[in-house]
Amino acid sequence: MEPRSLRLTFRFDDRGLRLFSRTPRRSPAPPSEALTEPPPRAITLELRSRTGEVRYRRFLVDPIPQTLETVDDQRRLGRVPFAPLTGSFSAVVVVPEPGDVVVVSAGPAVRFAQPGLQPAPGPRAWRELLVTSAERP
Amino acid sequence: MGTSDGTVLGTTKVVDHGADESKWCLLIAGDGFTSSEQSTFQVAVGNFVTYLEDHLTGPVNWEKVNVIRLDVESDESGVDTSTAAVDTYFDASLGSGDVERGLTINQTTAIDAANAQFPEWDAMLVLVNTTEYAGAAVIGGVGAASLEPTLGNAIATHELGHCGFGLADEYNYLKGCDHDGGPYDDLGTQDAYPNSSGEPVEPNVTSNIFALKWSSFVDPTTQIPTTTNSDCTQCDPQISADGVVGAYEGAFHYHCHIWRPEFSCTMRLIELPFCTVCEAHIGNVLTWGSELDITPCFVAGAVYGDRRHPDVLALQRWRDRHLAPGSRGRPAMRLLVAAYGCVGPYLATLAGRHRGLGRLLRRCLISPAAAAARRANGRP
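Residues numbered from 1 in each chain as written. Chains lettered and ligands numbered in written order. Predicted model: local features only at pLDDT ≥ 70, side-chain atom pairs only at ≥ 80, totals over all residues.

Draft legend 1. Geometry of the overall build of chain A. Counting its regular elements, chain A contains zero helices and nine strands. The helix and strand sequence of chain A, counted from the amino end, reads β-β-β-β-β-β-β-β-β. Dimensions of chain A along its principal axes, counting C-alpha atoms only, are 50 × 40 × 30 Å. The proportion of buried residues among the 137 residues of chain A is 42%. (Helix = DSSP H or I, 4+ residues; strand = E, 2+ residues; numbered from the N terminus. Buried ≥ 20, exposed ≤ 12 C-beta atoms within 10 Å, placed from the backbone.)

Below, the structure written as structure tokens:
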């Protein structure tokens, strides 16, 4: 049976972000987010065609942790700073077309405490954390 | 410590509503359970599933969920603490982030195990073998919670709201809320959500009350904003009634300039149910891969202008319950759905063109039908 979606698993460390694995799935992928300009604090995972056209987009919610959620003595939820230097996250996408690339981008309002994910010096803008082939190498 | 400190035994489907590729699949693993404690883990999963089924109400269709247990045997029992290291497969640790109740797991190991053992997983939770009054974590899309008897299931449900459904926290940050000092203050000043951050992508918080993303759920008589925080250095002391969808200031770890849809929700106070907007979003996520979602509610969607309106979702849920394999009346419902598939688009076009007809259908047909569907679905 042909896969209907792929789960992409990413890893990050002091050298940055990389696509670690592509796991075929029989389940369909979620629908794409709107392909308009995303908000500044978004982290996006996109499939782009050879010509750079965005074909599919997902918003990644907290993929690279900056905080840890805890419960206090009064049963209240709260967040404390916590930014592991290495880790993984994953997301499901549609099956890519030949030649598609995977792009993970962070908006200008996104801050990472991890040294390997710091933006290049200069004006803050959308930055691509990873651009890689969607097909198996 | 890690994968050398245990063994993956395999998976067992504990809630089976049909083929995995057409369901939303929740994978639940355990950490810190030795071979002799596997039955403890199995009971914990059963308890959580019962809690979750009770907790997912409204438009959320439990028949669209499969739950798979991932049995993992750790070499030692329990969890790492500041005073003791324990050899467990997912390397769960209590006391992370310099917080006594900060709970973490190795998310790389968790995701690798999930991909290898059950590639169809949509969300993953790791239940950690400690009954400490412990916190929780969502790291890299995998949630974790302890087995604390009174709050463990509630915390796990909140974490599922993050890792399974992409929901935002709806609570303020704790500084200025009788909780000054300590690690909670280290997030810095978060009195007001910054304009430069733009609209959050999460469905249950907004920085723009003039274009509320949940406007279709708001009664026209409800004041927007519904509450306003007069002192942005403090938690808003106002208390409002639950169950009214509006715009309540204070959410997403900020005191001001950001709003949540209801006064209370699991994403704000863990012991309470999900709010209407979160329920609708969860119901929507569950339909992504559902084989049952063969025919949308054309007419109701056109009349309300929103296919995620609670009335639309109530009707869909009622339909899907009767379409589920083994349900009573399934053949009749299939016939009805097939007939509706023919005439529905035509009626929807008419209702969309003639607003008077749309209002009439809403008042006289669809609203009463949705109310009846809710009663039949088990929720008024």
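The discussion continues.
Draft legend 2. How the structure looks around the interface of chain A and chain B. Of the residues lining the interface, 39 residues belong to chain A; the matching set on chain B comes to 44 residues. Elements represented by at least two residues in the side of chain A that touches chain B include exactly β1 (5-13), β2 (16-25), β5 (67-71), β6 (77-81) and β7 (87-94) of chain A. Its residues assigned to classes, the side of chain A that touches chain B comprises 18 nonpolar, ten polar and eleven charged. (Contact = placed C-beta atoms within 7 Å. Nonpolar A, V, L, I, M, F, W, Y, C, P; charged D, E, K, R; others polar.)

Draft legend 3. Up close: the sheet that holds β7(A). In spatial order, the strands read β2-β1-β7 (chain A); together these three strands make up an open sheet with antiparallel pairing. The sheet terminates laterally at β2 and β7 of chain A, the two strands that pair on one side only. Averaged over all pairs of adjacent strands, the angle between strand axes in this sheet comes to 25 degrees, irrespective of strand direction. Here β1(A) pairs with β2(A) via nine bridges, running antiparallel. When the sheet's bridge partners are listed, A:T9 is paired in β2(A) with A:S21. Along the sheet, helix α2 (residues 107-117) of chain B makes contact with β1, β2 and β7 of chain A, crossing β7(A) at roughly 35 degrees. (Pairing = 2+ DSSP bridges. Axes fitted to C-alpha atoms, helices over the stretch in contact; angles between N-to-C directions.)

Draft legend 4. Quick look at unusual backbone geometry. Residue and element names in this part refer to chain B. I224 connects to P225 through a cis peptide bond whose omega is -5 degrees. By the element assignment, P225 lies in the loop between α3 (152-163) and β9 (248-251). Located in the positive-phi region is F252, a residue other than glycine, with phi close to 55 degrees. The residue F252 is located in the loop between β9 and β10 (254-260) in this model. Looking at F252, the number of C-beta atoms within 10 Å reads 24, which means it is buried. Located in the positive-phi region is H253, a residue other than glycine, with phi close to 75 degrees.

Draft legend 5. Highlighting the sheet that holds strand β9 (residues 127-133) of chain A. Residues and elements named next belong to chain A. Here we have four strands laid out as an open sheet, ordered β4-β3-β8-β9, and antiparallel in their pairing. At either end of the open sheet lies a strand with only one pairing partner, and these are β4 (54-59) and β9. Averaged over all pairs of adjacent strands, the angle between their axes in this sheet comes to 20 degrees, without regard to strand direction.

Draft legend 6. Region of interest: the nonpolar core. Counting residues in hydrophobic clusters, the biggest one holds 88 residues, and the most contacted among them are B:L27, B:I28, B:A110, B:M124, B:V126, B:L127 and B:A144. For this core, the domains that each give at least three residues are domain 1 (3-163) and domain 2 (168-270) of chain B. Those residues in contact with B:A144 that sit more than four places away from it in its chain are B:A92, B:L103, B:I105, B:V126, B:V128, B:A136, B:A137 and B:E159. Counting 26 residues, the second largest nonpolar core, distinct from the first, contains A:F10, A:F12, A:Y56 and A:V94. (Core = buried A, V, L, I, M, F, W, Y, C linked by C-beta atoms within 7 Å. Domains from an automatic or database assignment.)

Draft legend 7. Representation of helix α1 (residues 38-55) of chain B within the structure. All names here are of chain B. For α1, spanning 18 residues, the distance from its first C-alpha to its last is 25 Å, which sits close to the expected 26 Å at 1.5 Å a residue. Here α1 has its buried residues at F41, A44, V45, F48 and L52. All buried residues of α1 lie within an arc of 100 degrees about the axis, which places them on one face of the element. Residues of α1 that are exposed and angled more than 90 degrees away from the buried face: S39, V43, T50 and D54. (Expected span 1.5 Å × (residues − 1). Arc of directions from axis to C-beta.)

Draft legend 8. Quick peek at the pairing of β5(A). Residue and element names in this part refer to chain A. When you tally the buried positions in β5, you get five out of five residues, the bulk of the element. Residues of β5 alternate between two faces, with T67, E69 and V71 on one and L68 and T70 on the opposite face, all of them buried. Here β5 pairs with β6 via five bridges, running antiparallel. Following the sheet pairing, E69 is matched in β6 by R79. Where β5 hands over to β6, the hairpin turn is made up of five residues, of which R75 adopts a positive phi near 65 degrees.

Draft legend 9. Here's a closer look at the environment of B:I282. Residues and elements named next belong to chain B. Relative to the helices and strands, I282 resides in helix α4 (residues 276-287). Judged by the 24 C-beta atoms lying within 10 Å of it, I282 falls in the buried class. Through-space distance from the C-alpha of I282 to that of E120 is 18 Å; in sequence the pair is 162 residues apart.

Draft legend 10. The arrangement of the packing of α1(B) against α3(B) in detail. All names here are of chain B. One way to put it is that α1 packs onto α3 with a least axis distance of 10 Å and a crossing angle of 60 degrees. Here α3 runs oblique to α1, going by the angle between their axes. The handedness of the crossing between α1 and α3 comes out as right-handed. Contacts between α1 and α3 involve N47, F48, Y51, L52 and H55 from the former and N153, A156 and T157 from the latter. (Parallel < 35°, antiparallel > 145°, perpendicular 65-115°, else oblique. Left-handed = near helix turned anticlockwise from the far one by under 90°.)

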